Protein chains: 6
Amino acid sequence: MSGVVVTGCPRAPLTVVDGLGACGVATVHEAQGRKGLLQSHLRPIYRGAQIAGSAVTVSLAPADNWMIHVAVEQCQEGDVVVIAPTSPSDQGYFGELLAQSMIARKVRGLVIEAGTRDTAELARLGFPVWSKAVSAQGTVKETIGSVNVPIVCAGQAIQPGDVIVADDDGVCVVKRGEAEAVLKAAQAREQKEATTRARLQAGELGLDIYGMRERLADKGLRYVAYGDTKEG
Amino acid sequence: MSGVVVTGCPRAPLTVVDGLGACGVATVHEAQGRKGLLQSHLRPIYRGAQIAGSAVTVSLAPADNWMIHVAVEQCQEGDVVVIAPTSPSDQGYFGELLAQSMIARKVRGLVIEAGTRDTAELARLGFPVWSKAVSAQGTVKETIGSVNVPIVCAGQAIQPGDVIVADDDGVCVVKRGEAEAVLKAAQAREQKEATTRARLQAGELGLDIYGMRERLADKGLRYVAYGDTKEG
Amino acid sequence: MSGVVVTGCPRAPLTVVDGLGACGVATVHEAQGRKGLLQSHLRPIYRGAQIAGSAVTVSLAPADNWMIHVAVEQCQEGDVVVIAPTSPSDQGYFGELLAQSMIARKVRGLVIEAGTRDTAELARLGFPVWSKAVSAQGTVKETIGSVNVPIVCAGQAIQPGDVIVADDDGVCVVKRGEAEAVLKAAQAREQKEATTRARLQAGELGLDIYGMRERLADKGLRYVAYGDTKEG
Amino acid sequence: MSGVVVTGCPRAPLTVVDGLGACGVATVHEAQGRKGLLQSHLRPIYRGAQIAGSAVTVSLAPADNWMIHVAVEQCQEGDVVVIAPTSPSDQGYFGELLAQSMIARKVRGLVIEAGTRDTAELARLGFPVWSKAVSAQGTVKETIGSVNVPIVCAGQAIQPGDVIVADDDGVCVVKRGEAEAVLKAAQAREQKEATTRARLQAGELGLDIYGMRERLADKGLRYVAYGDTKEG
Amino acid sequence: MSGVVVTGCPRAPLTVVDGLGACGVATVHEAQGRKGLLQSHLRPIYRGAQIAGSAVTVSLAPADNWMIHVAVEQCQEGDVVVIAPTSPSDQGYFGELLAQSMIARKVRGLVIEAGTRDTAELARLGFPVWSKAVSAQGTVKETIGSVNVPIVCAGQAIQPGDVIVADDDGVCVVKRGEAEAVLKAAQAREQKEATTRARLQAGELGLDIYGMRERLADKGLRYVAYGDTKEG
Amino acid sequence: MSGVVVTGCPRAPLTVVDGLGACGVATVHEAQGRKGLLQSHLRPIYRGAQIAGSAVTVSLAPADNWMIHVAVEQCQEGDVVVIAPTSPSDQGYFGELLAQSMIARKVRGLVIEAGTRDTAELARLGFPVWSKAVSAQGTVKETIGSVNVPIVCAGQAIQPGDVIVADDDGVCVVKRGEAEAVLKAAQAREQKEATTRARLQAGELGLDIYGMRERLADKGLRYVAYGDTKEG
């Protein structure tokens, strides 16, 4: 499938995408049964961004960013570009000019299993990137790759059109066909957590709220007063 | 000692703890003879926090955060929770709900040789965490561990009630029985540094303030003008 | 060359140094033909600093910061101190007091293939450091090294007087003798990018601006509509 | 798909699998267009093994090896077990007893994005493992996962029945449906390399055998005698 | 406790030490309830060694191996020297000459949270070392440390006289006072495993030997034939 | 200097090169004042090789091995090829066919700040490689670099014609102009070590041979009998 650009990929409805973005990575990841989390070496280049978008996937040769230019043409409002080189690389594939081009198409951010640069400008522009490295080392435009084919990025298989959720905690992928169900589960989880939060803030203990004491005792947990232990 | 919660552990006086916190990690570490520094892969999830507190220690199974709920009940004002899994792990053992519970008990922060999540919310709440990783990957509640037993966290042996000092430079542990003496040494160091600082700001050189020139010459240090060297 | 301090090293003109600083790392690195970039594990201790200066180089023994005091005396306005230990180390060789001394001499920042400490104070002082680690672990003053000799720092050979450019993207070295030519190339590059930026912001595609479509087709890039692919 | 064991997965013919194993990782990877290589942090626990087999895939919870026992039952002669935990882990999921069980079913080896143990015994048994770590730290049997579902292991998407090739260079996956074509291409490549090898052994240069001189000159490569360069 | 050499530390009986060595790391670690395993970045410099010995502990300054010479005098037959610098270091603290000295005192091996050198000679001499790194970079003899004080090495608290077990799987520490009980548990474990091994070699499944099928079904594990799944 | 091949570079006499090779890395590194050691992440692909040779240096683009073919033509008996990409890379730039070509020219080995492949075949051929990684991932031939220009490899500045010494401990560079003097110092060191070795083997302590006891006492080292310490 190398050298292919797939056009016209379907996306999840923007309302669903936006709903997932509002929930954030930790909640969405839990809500879909703890799957889809990208590896934690992908870090945001600046703090505080929280987005969701439909994946435009890019598979490219190491040290070659040509296909990102190709990918921009396939982007539309609400997309997130997800990039994985075919072998490990920390170079800076992406910078401020490409960001300008994506902003013009209302792309929401970038996830890249490699390096990025112009990070100060990207922060000023408010264009968030989750990357493995920051590096000013540029790339060439010699080898073609593919756009909107299935890729593996930071340990997760990603299809074009899957929903990407990203915030300070990292990046999570939701399969397009499951996005609506996951949104419902995430929102239910948020409501339930709101109640728990209020009780915790009031000083109740998780031990009591979740009824953990009996099961802990069954497992053998013992309480010993300091001074009654040799080593304590 | 697995499966044990030690209750009623003694702490250092809060005035001593607070004094150490005001000095910060680098000063305290120097003042106690350069011991007690936790490994530098523990990093704060946000910049600018500077705390000290009495350690409530938690030893737990990898990928299992059950004992943190148990530990909260043992916390009191001025404590810092210190967590080490029994084998290496980067998962997210701690998030915003547990932070709410700790804040309700006036816990000052968390040190964890593993991962944390909900980092944006933790920053908004002003609840600082020093961790090895940020990860949204949750944990289970299947296996019991221990609270307030001696643990090793990021390369340091820590007893419950030891004083933990943490800031942007990292984390340092002061043995409870030495806390008062270390505080005095740290404050003395700060006073001495204030004088040195003023002289350095005025343009004096460390070479002169510390009287280093003679010893450097004894060791064989030579000054050569540029142009008189072949390679310079 | 161990145990040598070379005095009176020539620098590039400050106007040239300042010009390079205004361009930033990514532009300067491209402008000089993609050479001189230090390895990306050197990271700024705080965001937003962008500097250039003439290198005062320091070669020192691992865990020994004595030569930094020696180096300060060799510094003048517009310098950047560049430090490499003779074997790998993450300890904290540099802190607030040394920064005060450098600020008094109008040094612009520090690049160190090792650790630094007092990072919160350094940020408050506005004295930027690019380092491999943050660590409160201090160093000794037992062994002499050299100042203003050629060193290798984070993978780059650096001569005293070379121009160091550093920002959120990392650190780049420009040979002193090439600084003026590189500045011209960098400024030319900036002007060209300004035009491209405007076109990208207006929604034009890089594919068209750079005329990439034909060459991509020559390399065999194919466009396939979603649904016409088996795997897409 | 969690909690599912897929039975009766088809495999490629053993003659094709064996042919790929004889070619080795580097040749097979090149022959299929440089795709399918697992990340290089997977290393063999001992040197000299070279195998190929049909993938039995295992997705399991971190620190939990229960599903390996489930997977053994699904194995047949010529299989290779491929394991990925759902979050990163270095613990020792696999040891000598499980190897005995796999040997009894004529399994050829194991690929695991995690840790293994009993490595001396595994070497004595001649049961090769490619793993991310060696660790004696055992795992629990608390959580179910899945067998023979699609997984991502060390950066590659792997389907049950895909062909795994592994040797001292690492691990490569060949899609089941492409195995026969890849084998032909690999064997063709080997034949061509045999001719090249003979010429290189006889002292001919790659520059001449591959006809590189003209293209290098076109790109601007210059030859300069030592002494005619300032820096050489 | 810096600058102290504790003499005459008690050891476990050599018969107990030898028994633990015969069991190996994985078995001993399991037998004592999965505690005491040193971090897996400690690797043997050559394959095939399997030892146990009584710990002579060494705490030393980074890049300074002076205290190893001091420690040798404290060694006796059956000891293992365990070394941890007070801050992280990869330098080569130990080489062939020190090994000769230890061999003369019938020391069985070395565990060091740092680097070693002369590894080819050490292999020829049959003196095993478990280390974090291999490095020819030597160290100085300027700063005193301590011998036979409690240390933390690779994440484990170690007392002088504790039993160290080490093989290709890594390193494990057994508290001196628990050594005899752990040996009994380890030998019992070995006997039980011998029975299980025979059944596995005969082709029985762990699923049946350990009676796992019912509990797996209770947890919800489902078996689905290939072809009856959409994604399988 | 990109795109340049420097021909006819002078080498040190082969007798000197061979003498250095016989001494090995640790001895040579000490003999030249502990400089010139390459970073310890360069590891031999197999154990037991010990070589020295004159450096043929190669600077090449990341993921592009074209210049290795160019370099072979510049090699003669007794050379070692030293390769550094212009940005970090772990791909497999070198394999068995290039090794055949180098063996035909009596090249002794390869040092590469990147990856290598065909490692089993290279071991069979007895062609040693010190590399940062093992990877079957091939490279392209699109971009020119330079041969026999100064490079930085694994943290050391290397000139063509410098002497490279490599063994199981790592890799060290000796400047060509210093090779003869370093050889003499290394051989003197070996003779002195032979005497020390004999005394250590006979059971004498380094403490006595090197006369360390007095200086240790001056620094404050105290001996305390077990039982007379609270913590010992």
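Q: Account for the interface of chain F and chain E, naming residues and giving values.
A: Contacts between the two partners involve 37 residues from chain F, matched on the other side by 45 residues from chain E. Between chain F and chain E lies a buried interface of about 3,500 Å² when both sides are counted; carbon and sulfur atoms form 55% of it. Taken as a group, F:Arg34, F:Asp169 and F:Tyr226 account for 16% of the area that chain F buries against chain E, more than any other trio of residues on that side. For the pair chain F and chain E, the number of links is 4 salt bridges. Among the salt bridges present, the one from F:Glu30 reaches E:Arg117, with a minimum N-O distance of 2.9 Å. Elements supplying a minimum of two residues to the side of chain F that touches chain E: α2 (25-31), α6 (179-201), α7 (206-209), α8 (213-219) and β12 (222-225) of chain F. Per-element accounting of the side of chain F that touches chain E gives the leading share, 5 residues, to α6(F).

Q: Hey, could you go over the side chain of B:Gln32 for me, with residue numbers and the actual values?
A: All names here are of chain B. Looking at where Gln32 falls in the secondary structure, it is placed in the loop between α2 (25-31) and β2 (43-44). Looking at Gln32, the relative accessible area reads 10%, which means it is buried. A distance of 2.9 Å separates a polar side-chain atom of Gln32 from the backbone oxygen of Val173. With near-sequence residues (within four places) excluded, Gln32 lies in contact with Cys172, Val173, Val174, Glu178 and Val182.

Q: Tell me about the relation of the copies chain F and chain E, residues and numbers included.
A: When chain F is fitted to chain E, the residual RMSD is 0.0 Å, and the transformation amounts to a turn of 120° plus an axial shift of 0.0 Å. When the rotation and shift are considered jointly, the pair of chain copies conforms to a three-fold rotation axis. In terms of C-alpha distance to the rotation axis, chain F has F:Arg47 as its closest residue, with the C-alpha 6.3 Å off the axis.

Q: Describe the packing of aromatic side chains, and please don't skip the residues or the numbers.
A: All names here are of chain C. One pass over the structure, following the stated rule, counts 6 aromatic pairs over all chains. With a centroid separation of 5.8 Å and an interplanar angle of 25°, the aromatic rings of Phe94 and Phe127 are classed as stacked. Taken as a pair, Phe94 in the loop between β4 (79-85) and α4 (96-104) and Phe127 in the loop between α5 (119-125) and β6 (129-134) lie far apart in primary sequence, 33 residues in all. One exposure class covers both Phe94 and Phe127, and it is buried.

Q: Account for the pairing of strand β3 (residues 51-60) of chain B, naming residues and giving values.
A: Residues and elements named next belong to chain B. The element β3 is extensively covered by neighbouring structure, given that 10 of its 10 residues are classed as buried. As paired strands, β3 and strand β10 (residues 163-167) are joined by 4 bridges and run antiparallel to one another. Residue pairing across strands places Ala52 opposite Val165, the latter belonging to β10. Across 7 bridges, the pairing between β3 and strand β4 (residues 79-85) is parallel. Across the sheet, Val56 pairs through a bridge with Val81, a residue of β4. In this fold, β3 hands off to helix α3 (residues 66-73), which returns the chain to β4; that crossover is right-handed. When β3 meets strand β7 (residues 146-147), the two strands line up antiparallel, connected through 2 bridges. Within β7, the residue paired with Val58 across the bridge is Val147.

Q: Any details on the side chain of F:Thr139? Residues and values, ideally.
A: For F:Thr139, the location among the structural elements is in the loop between β6 (129-134) and β7 (146-147). Side-chain polar atoms of F:Thr139 contact the side chain of F:Asn65, separated by 3.3 Å.

Q: Quick one: what's the story with the packing of helix α1 (residues 14-23) of chain D against helix α6 (residues 179-201) of chain D, residue by residue and with numbers?
A: If you want to describe how two helices pack, look at the angle between their axes and the distance between the axes. Residue and element names in this part refer to chain D. α6 packs onto α1 with a crossing angle of 35° between their chain directions and a minimal axis gap of 9 Å. For α1 against α6, the interelement crossing comes out left-handed. Mapping the contact onto sequence places Thr15, Val16, Gly19, Leu20, Ala22 and Cys23 in α1 and Ala179, Glu180, Val182, Leu183, Ala186, Gln187 and Glu190 in α6.

Q: Go over the state of the cysteines, please, and point to the residues and values.
A: All names here are of chain E. Per the stated rule, a full pass over the model turns up 0 disulfides over all chains. A disulfide-free cysteine, Cys75 has its sulfur positioned 11 Å from the sulfur of Cys9, the nearest such atom. Cys75 sits in the buried class, given a relative accessible area of 5%.

Q: Any chance you could break down the pairing of strand β11 (residues 170-174) of chain C for me, citing the residues and the numbers?
A: Residues and elements named next belong to chain C. Among the 5 residues that make up β11, 5 are buried, leaving the element largely enclosed by the rest of the structure. With burial as the criterion, each face of β11 is covered, one bearing Gly170, Cys172 and Val174 and the other bearing Val171 and Val173. The pairing of strand β10 (residues 163-167) with β11 spans 5 bridges and is classified as antiparallel. Bridge assignment links Ala166 to a residue of β11, and that residue is Val171. Linking two consecutive strands that pair antiparallel, namely β10 and β11, is a turn of 2 residues.

Q: Describe in detail the confidence of the model for chain A, supporting the description with residues and values.
A: Of all residues in chain A, 98% attain a pLDDT of 70 or more, and the chain-wide mean is 96. Listed scores for the predicted complex are pTM 0.95 and ipTM 0.94.

Conventions we followed
Residues numbered from 1 in each chain as written. Chains lettered and ligands numbered in written order. Predicted model: local features only at pLDDT ≥ 70, side-chain atom pairs only at ≥ 80, totals over all residues. Heavy atoms only, no water. Contact = heavy atoms within 4.5 Å. Buried area = accessible area lost by both parts, 1.4 Å probe. Salt bridge = Lys/Arg side-chain N within 4 Å of Asp/Glu carboxyl O. Helix = DSSP H or I, 4+ residues; strand = E, 2+ residues; numbered from the N terminus. Buried < 20%, exposed > 50% of the residue type's maximum accessible area, 1.4 Å probe, protein only. Polar contact = N/O pair within 3.5 Å; in protein donor to acceptor, adjacent residues only side chain to side chain. Least-squares fit on C-alpha atoms with pLDDT ≥ 70 in both. Phe/Tyr/Trp six-rings, centres within 6.5 Å; stacked < 30°, edge-to-face > 60°. Pairing = 2+ DSSP bridges. Right-handed = clockwise from strand over helix to strand, strands pointing away. Axes fitted to C-alpha atoms, helices over the stretch in contact; angles between N-to-C directions. Left-handed = near helix turned anticlockwise from the far one by under 90°. Disulfide = S-S within 2.5 Å. pLDDT = per-residue confidence, 0-100.

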